[in-house]
Amino acid sequence: MRRVFRSLRSFNYRVWAAGALVSNVGTWMQCAAQDWLVLTQLTDHSASAVGLVMALQFGPQLLLMPWSGLAADRFNQRRLLMMTQAAMGTLSLILGILTVTGLVELWHVDVFAFLFGCSAALDAPVRQTFVAELVGDADLSNAIALNSTSFNAARMIGPAAAGLIIASVGTGWAFLFNGMSFMAVLTSLSLLRKSELRPNARAHRAKGGITEGFRYVWSRSDLRATLVMLFLIGTFGLNFPIFISTMAVGVFHTDARGFGLLSSMMAIGTMSGALLAASRERPRFGALMAGAAIFGVGCTLAALAPNYWLFAAALVMIGVASLTVLNTSNALMQLSTEPAMRGRVMALRLGVALGGTPIGAPIVGWVADHLGPRWALGVGAAAGFAAAAVAVAVMSRRNAEAARHASLPHAAE
């Protein structure tokens with residue numbers, strides 16, 4: 001157990017983790033409230049509208065990817081985080097006020113999703129590489145896994161809390177709580193001991209700094225394969241707001257509480273996957289392959305689930321698998337990348353994993369609207385199996401090359 005939580009020995013990491021947990025609860029409350037607002041209050045159960053909001057929110061990850069990664073490599077990461085967290089908190093408060101006062105319209109949600117996505121696009125690569133400044137490379141994999149544990153512990157609390165708040169006082173209050181929760185992160189960043197930070201190597205100003213990240217990744221077959229897997233699952237599989245909301249409303253006919261509980265059930269799986277990752281000494285490509293395959297199986301079982309509780313159980317499996325894929329890819333890519341390149345490589349990773357949402361979410365939303373939510377989950381299952389096939393091909397090629405190298409001394413004899 002001590003090995004699982006070893007990063008908490010660091011004062012800076014403990015402070016950061018406490019602030020992040022509070023903010024993550026608010027983030028998940030807003031995610032659930034936003035989906036519910038669009039699906040049930042601003043449209044007549046339109047999965048396509050939910051898909052468009054997702055596309056606008058995650059699209060900036062792809063559009064701003066080159067600049068956000070370069071900013072993470074060049075500038076003071078603590079200061080950048082304070083700026084992005086303050087911006088996202090302000091946007092959440094404004095959307096909450098519009099919703100509470102009854103002035104909110106669908107186009108408001110679209111605009112705020114895009115602005116929030118722009119802030120998050122700059123925030124994400126900085127936040128992910130900032131972990132190395134808190135704990136160093138020795139505990140980096142463990143700290144990444146504990147971050148995911150916190151994120152998914154909040155995922156268990158946030159949607160369920162949002163369901164209760166929506167049912168009792170209205171959707172807008174979930175947005176207001178999220179806006180106020182960003183104060184926890186800003187406070188934790190101000191309390192960090194600067195003398196104990198381990199600053200990452202900064203990239204030098206030079207022509208071609210933006211394209212250098214692309215060239216670096218393209219020259220590495222292991223990074224290319226990981227990005228292909230992330231593109232498949234991120235584009236067509238990580239559309240949980242569509243999967244859960246359409247199955248909850250269109251198939252099982254639940255209310256806001258039932259919808260929130262499904263998101264929390266999935267979080268049980270993702271938190272379990274995060275703790276499993278934290279217990280490993282080092283990330284392995286085989287775990288990435290297994291996670292993709294299990295993701296495909298979980299989506300298949302969810303698509304075939306005959307009742308609410310079996311669907312909820314399948315979401316637990318999907319949660320474990322998706323977290324395994326995301327955590328393992330994160331740790332593998334950071335630990336195998338030069339420190340001065342990490343921001344750009346992680347921006348590419350996030351751009352591929354989340355930036356595909358503008359492509360996948362509208363497609364999956366259209367499938368859910370026209371063919372049914374179960375077929376939309378079938379798209380996610382196919383993505384998982386395709387990603388697993390990519391991993392099998394990579395591992396087969398590695399084994400063949402290893403066997404060929406092993407036979408060279410004998411051939412010389």
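The structure presented is a predicted model; accordingly, all values stated were derived computationally and were not measured.

Student: How would you explain the pattern of salt bridges if you had to name every residue and give the values?
Tutor: Enumeration over the complete set of coordinates arrives at three salt bridges. A salt bridge links Arg 127 to Asp 123, with the shortest nitrogen-to-oxygen separation between them at 2.7 Å. Of this pair, Arg 127 and Asp 123 both sit in helix α5 (residues 106-135), four residues apart, roughly one helical turn. Taking the relative accessible area as the measure of exposure, Arg 127 reaches 32% and is therefore partly exposed. For Asp 123, a relative accessible area of 1% corresponds to the buried category. Between Arg 220 and Asp 222 there is a salt bridge, with its nearest N and O atoms 3.0 Å apart. Of the residues examined, Asp 222 reaches a relative accessible area of 23% and is grouped as partly exposed.

Student: An account of the packing of helix α2 (residues 47-63) against helix α3 (residues 65-74) is needed here, citing residue identities and associated values.
Tutor: The contact between α2 and α3 brings their axes to 5 Å, and the two run at 70°. Taken as axis vectors, α2 and α3 run roughly perpendicular relative to one another. Facing α2, whose interface residues are Pro 60, Gln 61, Leu 62 and Leu 63, α3 presents Met 65, Pro 66 and Trp 67. Taken together, the residues of the contact of α2 with α3 break down into six nonpolar, one polar and no charged.

Student: Before we move on, could you go through unusual backbone geometry and cite the residues and values that matter?
Tutor: Backbone geometry at His 45 places phi at a positive 60°, although glycine is not the residue there. Structurally, His 45 can be placed in the loop between α1 (11-42) and α2. The class of His 45 is partly exposed, set by a relative accessible area of 42%. Not every positive phi belongs to a glycine, and His 253 is a case in point at roughly 55°.

Student: Quick rundown of the side chain of Gln 34? Include the residues and the values.
Tutor: Inspection of the secondary structure puts Gln 34 in helix α1. Residues contacting Gln 34, with those up to four places away along its chain left out, are Val 53, Gln 57, Val 109 and Phe 175.

Student: For the domain arrangement of the protein, give the residues involved together with the corresponding values.
Tutor: When cut into domains, the protein gives domain 1 (1-198) and domain 2 (208-412). With 52 residues of domain 1 at the contact, the number on the domain 2 side is 60 residues. With both chains or domains summed, domain 1 and domain 2 bury close to 4,600 Å², and 70% of this area falls on carbon and sulfur atoms. Linking domain 1 to domain 2 there are zero salt bridges. Taken together, domain 1 and domain 2 are joined by four residue pairs in polar contact (both at pLDDT 80 or more). Only α1, α2, α3, α5 and α6 (140-168) provide two or more residues apiece to the side of domain 1 that touches domain 2. Ranked by residues supplied to the side of domain 1 that touches domain 2, first place goes to α6 with 18 residues. Its residues assigned to classes, the side of domain 1 that touches domain 2 shows 30 nonpolar, 16 polar and six charged.

Student: Outline the nonpolar core, listing residues and values.
Tutor: Note that soluble globular proteins tend to have their nonpolar side chains buried in a common cluster. Judged by nonpolar contacts, the single largest core of 88 residues is most densely connected at Phe 240, Leu 262, Phe 295, Phe 311 and Ile 318. Here this core spans two domains, since at least three of its residues come from each of domain 1 (1-198) and domain 2 (208-412). Ignoring anything within four residues of it in the chain, the contact list for Leu 262 reads Ile 244, Ala 248, Tyr 308, Phe 311, Ala 312 and Leu 315. In terms of nonpolar packing, the next biggest core, distinct from the first, is built from 27 residues, Trp 16, Phe 130, Leu 134 and Ile 144 among them.

Scoring rules and cut-offs
- Residues numbered from 1 in each chain as written.
- Predicted model: local features only at pLDDT ≥ 70, side-chain atom pairs only at ≥ 80, totals over all residues.
- Heavy atoms only, no water.
- Salt bridge = Lys/Arg side-chain N within 4 Å of Asp/Glu carboxyl O.
- Helix = DSSP H or I, 4+ residues; strand = E, 2+ residues; numbered from the N terminus.
- Buried < 20%, exposed > 50% of the residue type's maximum accessible area, 1.4 Å probe, protein only.
- Axes fitted to C-alpha atoms, helices over the stretch in contact; angles between N-to-C directions.
- Parallel < 35°, antiparallel > 145°, perpendicular 65-115°, else oblique.
- Contact = heavy atoms within 4.5 Å.
- Nonpolar A, V, L, I, M, F, W, Y, C, P; charged D, E, K, R; others polar.
- Domains from an automatic or database assignment.
- Buried area = accessible area lost by both parts, 1.4 Å probe.
- Polar contact = N/O pair within 3.5 Å; in protein donor to acceptor, adjacent residues only side chain to side chain.
- Core = buried A, V, L, I, M, F, W, Y, C linked by side-chain atoms within 4.5 Å.

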